[in-house]
Amino acid sequence: MVFALILLPVVVGLAMLVVRVENAQASKGVGALVALATFVMAVAARGDEQSVRWLSRPFESSFHFGATSISFWIVLLLAVCTFCAILATNVPRTRQFVAQLLVLEGAMMGVFLARDLLVFALFWDLMLLPVFFVLLGWGAHAPTAWRYFIYNFAGGLTLLLATAAFGALYGSTDVIGRTGVHVVGAWAPWIFWGFAFAFLVKTPVWPLHTWMPLTYADTPGPMVSVVSAVQSKAGLYGFIVICMAFLPDYLKEYAPILIVLGAISLLYGAFASLTQTDVKRVVAYSSLSHLGLIVIAIASFNPLALQGALVYIVAHGLFSAMLFLVLGFVESREETRTLTRLGGIGAANPKLAGALCIAALAALGLPGLAGFVGEIIILIGVFQAGLVWPAILALVAIVLASAYMLRLYQGIMNGPEVADLPVRSDLSWMEGIAVAPLALALVVLGVDPHAVMAFDTSAYNATTSQGVTR
Amino acid sequence: MTQSVTANDWYSVAPLSIVAVAALVVLLADLLAPKSVNRYVAIGLGAAGLIVAGIDAAYAFHSNYAAFGGAFIVGGFSVVFQEIVLAGALGSLILYGAMGDGKRIGGTVALLLWSTSGAMLMAGAGNLMTIFLGLELLSLGLYCLCGLSDRPTAREAALKYLILSSMASGFLVYGMALLFGASGSVALADLTNPMLVSSPLYWCGSGLFFVGIAFKLSLVPFHAWAPDVYEGAPMPVTAYMSVVTKAATIAVLARFIYAAVPSTIAAQLLLPIWVIAAISMIVGNVGMLAQHDLKRLIAYSGIAQVGYILTALAGGTPLGMRYAIYYLAAYTFMNLGAFEVAALLSDEREEGSRLANYRGLGARRPVAAALMTFFLLAMAGLPPTAGFLGKILILTTSVSAGYAWLGVVLIVGTAISLYAYAKVIRAMYARDEHGHAHDARPAVPLAWISAVACCVIVIAMTFYPLTPSNILPLVR
């Protein structure tokens, strides 16, 4: 079942690239069906594990996949986001675009399901390709595609080097999800930084974030919703399942650096977000800020903060996907993303305004929606861990979040109607279906986060408590 | 050591004899066959000879036999390299079939086959004489092949190759003479004598030998000839040089590194080679950035890829040798695949190697563009290709053999190379359609089939990473 989760989207996606039947609706239909099937399989695959031996020398490695623990929730998030993104697709050359979305889904399934470091690294590189091709084919500026690819591939290479060193030292890379695998020795700090560099670039964290605003602004809405919701979580996921599990001593040792970087991202992202005029860049910088908070949570070595991080990973995925989808709708209607050119759309498009409102409120942390739950748990955990200053800085950033999210919402929806903006119809039913699952999930998770919380940290509790007592 | 030549000795050189005889058969058939089918007869017979030789060679995989008093050593090592050489030769032959212009090519095919038999001799060479014999047999054929084209650049390339390659041979043979002077024997096995360490002749001889080999492998700083010659030569010959020549020379170098260096001084004696490999990885990959021709791009890429292969050999571990061979095989099929796709884009007037012609290819010929993208990404080492797995295997051995710095250089080189490869990919998928629609003949089934076959092999090698286990001992 877990193999099918990866193979189905990839195979269908590649087939769609080759079979040249130009029918936008049919392409979307096939894509949505595949994404739906993947979602159903993902739900059914909970706890499933499968393994096929790949290498026995120079270290053991297997195509080992498992939908357990934290992976399961991120995989569900990925399946939902891809489904929504495909329904929301509204770009020229729909067939190729949907195909790339499916390949991206399959590749990221591989990243989050992999139970083997080498397989993880393999899919890590693979998941860059669809985004690169979409940026080349649909983006406005070619340099953006380069920047995305070079930055992330550089990360992928240090990941590869770290994996090779890990394999040479430990003799096996089939370790993700196992407990009691600790790497120590002269090489271990290098291995740690090899992994950490890749994860920091992918998340991204200041000062490695410069590829991110450009990429998020240039990629069409549906794809960027998946990238921001799920792909950016690959780094955080890596910190939790690799650095925290196998290199806890070094994560502990270098935690101050990560906390400082996280805090800078948190504030820098929030202030930068306040001044952006491109609506997608507003959300891009807000992402930098929110993910900085999660980095702090992971580096704080507190079980509660870690649980909060897991909730917030899912919550951020949901609301950033929704934000980017809705901003994509706005862009396709008004043909501009400039905040100063937009205004007063809400009166004529109440459903569009409502969708943006829910997403923005979730992003600024309104109680009752998922974002709040994650933030508050992280803050309590970070405070418990004795990190008072980061917690205070996080509070500042959360206040700023209200400012930039309301600025975004009001700039687009409220105010006097701008005369020369084209007046277009409200959300179509298809677009409505595309954002409804995300909104629903935000509310459900906001009211009852126990499903995600109740579970999860068990595998890492050992290492985290060990870290605390040391 | 006087020893009579036995039947077994002759059996052990049967594969290369088959190739050499096939060349004669091709020449004969070329005379007799009618003009209309002549081309296919020549290529078909040549391919048949290569395949039969490949099957025959495979039988010797589990043997370990020193024929002709140690001059030619048959075993897993020689067989694996011979198979790679044969695969490369077959790919070049198919390129001739895919992009020729209807002239008689019997002579060309015969030269290619004779060259190949020289390369096969190098794969099993157990003493310095055989190495030189094989190398010259390989090179003499190539000098002619380089010039066998109507384009003036081909003649320039042939002359350049002749002069520089002869100079390299000079270095090589001078080094061999000094080694012989030091050890009193031409056998590689006698070079392991620890007494040699004190002989200055030995050090000078080894140095000159390495210079000669580095010339042939076009390693930095002896690489300047490669881009020009690759660009000027006809495409099948370029493919041949980039695969077969390198494979055969690496066979010689690997055997020398593993079996003919006194173990006490191996680390010092071989250090310059690793340094050269590191420089090659950087210079080769940087050199790729400015190229406008696929053949030049592949010349520079080849410089770097040989650096990767040498990285695997650093440290002299048996596993390192296996991964070097694995990567060499992967490199062979990636390169051949890229050339097969380029052949699809060729026509009578022009070879499909100018990168300007690749602009907008993704829209015009999506499958060809996808295949080319695949091969370029494989060279860059992206998954799911053998290039990815090969790199991680090489990284692991270099780390565990204590040459982590080479691994780091490999990573840096790969990052640079990606930019160069991705530039071509970007040109293929860029939306602007300014590129003149220079389109090729509609279908060349042979090139299609072989490009797809290369693609399948490169993927299959990732998931079934067979590396030859029976490659040691190399010398008796």
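Model, not experiment: these values are computed from the prediction.

Draft legend 1. Up close: the overall build of chain B. Within chain B, the secondary structure is distributed over 18 helices and two strands. Compactness check: chain B gives a C-alpha radius of gyration of 21 Å against a globular reference of 23 Å for 476 residues, within 12% of the reference. Scored against the burial criterion, the 476 residues of chain B give a buried share of 63%. Excluding contacts between residues fewer than 6 apart, the proportion of contacts in chain B whose partners are at least 24 apart in sequence is 80%. As displayed, chain B offers around 16,200 Å² of accessible surface, 71% of which is attributable to carbon and sulfur atoms. Of the charged side chains in chain B, 24 are positive and 20 negative; the average position of the first set lies 5 Å away from that of the second.

Draft legend 2. Broad picture of the overall build of chain A. Summing up its helical and strand segments, chain A has 20 helices and two strands in all. Rg of the C-alpha trace for chain A: 21 Å, near the compact-globule value of 23 Å for 470 residues, within the 12% margin. Counting every position in chain A, which comprises 470 residues, the buried fraction comes to 65%. Pairs at least 24 apart in sequence give 82% of the contacts found in chain A among residues at least 6 apart. In the structure as shown, chain A presents an accessible area of about 14,900 Å², 68% of it carried by carbon and sulfur atoms.

Draft legend 3. Highlighting the pattern of salt bridges. Per the counting criterion, the structure on display carries ten salt bridges over all chains. With a closest N to O distance of 3.8 Å, Glu331(A) and Lys280(A) form a salt bridge. In this pair, Glu331(A) sits in helix 14 (residues 303-334) while Lys280(A) sits in helix 13 (residues 279-299), placing the two residues 51 residues apart along the sequence. In this structure Glu331(A) comes out as partly exposed when scored by relative accessible area, which is 24%. A residue is classified by how much of its surface remains accessible, and Lys280(A), at 1% relative accessible area, is buried. Across the pair Lys160(B) and Glu156(B) runs a salt bridge whose closest N-O atoms are separated by 3.3 Å.

Draft legend 4. Summary view of unusual backbone geometry. That bond from Trp206(A) to Pro207(A) is cis: its omega, 5°, falls within 30 degrees of zero. By the secondary structure assignment, Pro207(A) is in the loop between helix 8 (188-202) and helix 9 (211-218). Here the residue pair Val220(B) and Pro221(B) is connected by a cis peptide bond, since its omega of 5° sits within 30 degrees of zero. Mapped onto the elements, Pro221(B) comes out in the loop between helix 8 (200-216) and helix 9 (225-232). We note that Phe301(A) has phi near 60°; this positive angle belongs to a residue other than glycine. Examined against the element boundaries, Phe301(A) turns out to sit in the loop between helix 13 and helix 14.

Draft legend 5. Region of interest: the interface of chain B and chain A. In this complex, chain B contributes 36 residues to the contact, which on the side of chain A involves 33 residues. Interface of chain B and chain A: buried area, both sides summed, is about 3,100 Å²; carbon and sulfur atoms make up 82% of it. Summed over the shared surface of chain B and chain A, the result is zero salt bridges. Where chain B touches chain A, the interface holds one residue pair in polar contact (both at pLDDT 80 or more). Those elements giving two or more residues to the side of chain B that touches chain A turn out to be helix 13 (318-344), helix 15 (366-380), helix 16 (386-400), helix 17 (404-429) and helix 18 (445-463) of chain B. Looking at the side of chain B that touches chain A, the element that brings in the most residues is helix 17 of chain B, giving 13 residues. Class assignment for the residues of the side of chain B that touches chain A results in 26 nonpolar, six polar and four charged.

Draft legend 6. Layout of the nonpolar core. Within the largest apolar cluster, 385 residues are counted, with the highest numbers of intra-cluster contacts made by Phe120(A), Phe195(A), Phe199(A), Ile412(A), Phe209(B) and Trp274(B). Considering each element in turn, this core owes the most residues, 20 residues, to helix 14 of chain A. Discounting residues that sit within four places of it in the chain, Phe199(A) has contacts with Phe120(A), Trp124(A), Leu159(A), Gly235(A), Gly238(A), Phe239(A), Ile242(A) and Cys243(A).

Draft legend 7. Highlighting the packing of aromatic side chains. A complete count under the given rule lists 42 aromatic pairs over all chains for this structure. Ring centres 6.1 Å apart and planes at 15° place the aromatic pair Phe195(A) and Phe199(A) in the stacked group. Of this pair, Phe195(A) and Phe199(A) both sit in helix 8, four residues apart, which is roughly one turn of that helix. When the ring of Phe374(B) is compared with that of Phe375(B), the centres are 5.5 Å apart and the planes differ by 75°; the resulting orientation is edge-to-face. Neither residue differs from the other here; Phe374(B) and Phe375(B) are each classed as buried. The ring of Trp138(A) has Arg93(A) lying over it, and the distance from NZ or CZ to the ring centre is 4.6 Å.

Draft legend 8. Representation of the confidence of the model for chain B in the model. Looking at chain B as a whole, the pLDDT averages 88, with 94% of positions reaching at least 70. Interface scoring of the predicted complex returns ipTM 0.85; its pTM is 0.89.

Draft legend 9. How the structure looks around the environment of Val458(B). Residues and elements named next belong to chain B. With respect to the secondary-structure elements, Val-458 resides in helix 18. Classification of Val-458 by relative accessible area gives buried; the value is 0%. A C-alpha to C-alpha distance of 8.0 Å links Val-458 and Ala-378, two positions 80 residues apart in sequence. Look past the residues within four positions of Val-458 in its chain and what remains in contact with it is Phe-333, Met-334, Phe-374, Ala-378, Thr-385 and Ala-386.

Draft legend 10. Main features of the state of the cysteines. Counted under the stated rule, the structure contains zero disulfides over all chains. Looking at Cys454(B), it has no disulfide partner, and the nearest cysteine sulfur is the one in Cys455(B), 8.7 Å off.

Rules used in this analysis
Residues numbered from 1 in each chain as written. Chains lettered and ligands numbered in written order. Predicted model: local features only at pLDDT ≥ 70, side-chain atom pairs only at ≥ 80, totals over all residues. Heavy atoms only, no water. Helix = DSSP H or I, 4+ residues; strand = E, 2+ residues; numbered from the N terminus. Rg over C-alpha atoms; globule rule 2.2 N^0.38 Å. Buried < 20%, exposed > 50% of the residue type's maximum accessible area, 1.4 Å probe, protein only. Contact = heavy atoms within 4.5 Å. Areas by Shrake-Rupley, 256 points an atom, 1.4 Å probe, with all protein chains shown as cover. Lys, Arg positive; Asp, Glu negative; His and termini not counted. Charge placed at Lys NZ, Arg CZ, Asp CG, Glu CD. Salt bridge = Lys/Arg side-chain N within 4 Å of Asp/Glu carboxyl O. Buried area = accessible area lost by both parts, 1.4 Å probe. Polar contact = N/O pair within 3.5 Å; in protein donor to acceptor, adjacent residues only side chain to side chain. Nonpolar A, V, L, I, M, F, W, Y, C, P; charged D, E, K, R; others polar. Core = buried A, V, L, I, M, F, W, Y, C linked by side-chain atoms within 4.5 Å. Phe/Tyr/Trp six-rings, centres within 6.5 Å; stacked < 30°, edge-to-face > 60°. Lys NZ or Arg CZ within 6 Å of the ring centre and 35° of its normal. pLDDT = per-residue confidence, 0-100. Disulfide = S-S within 2.5 Å.

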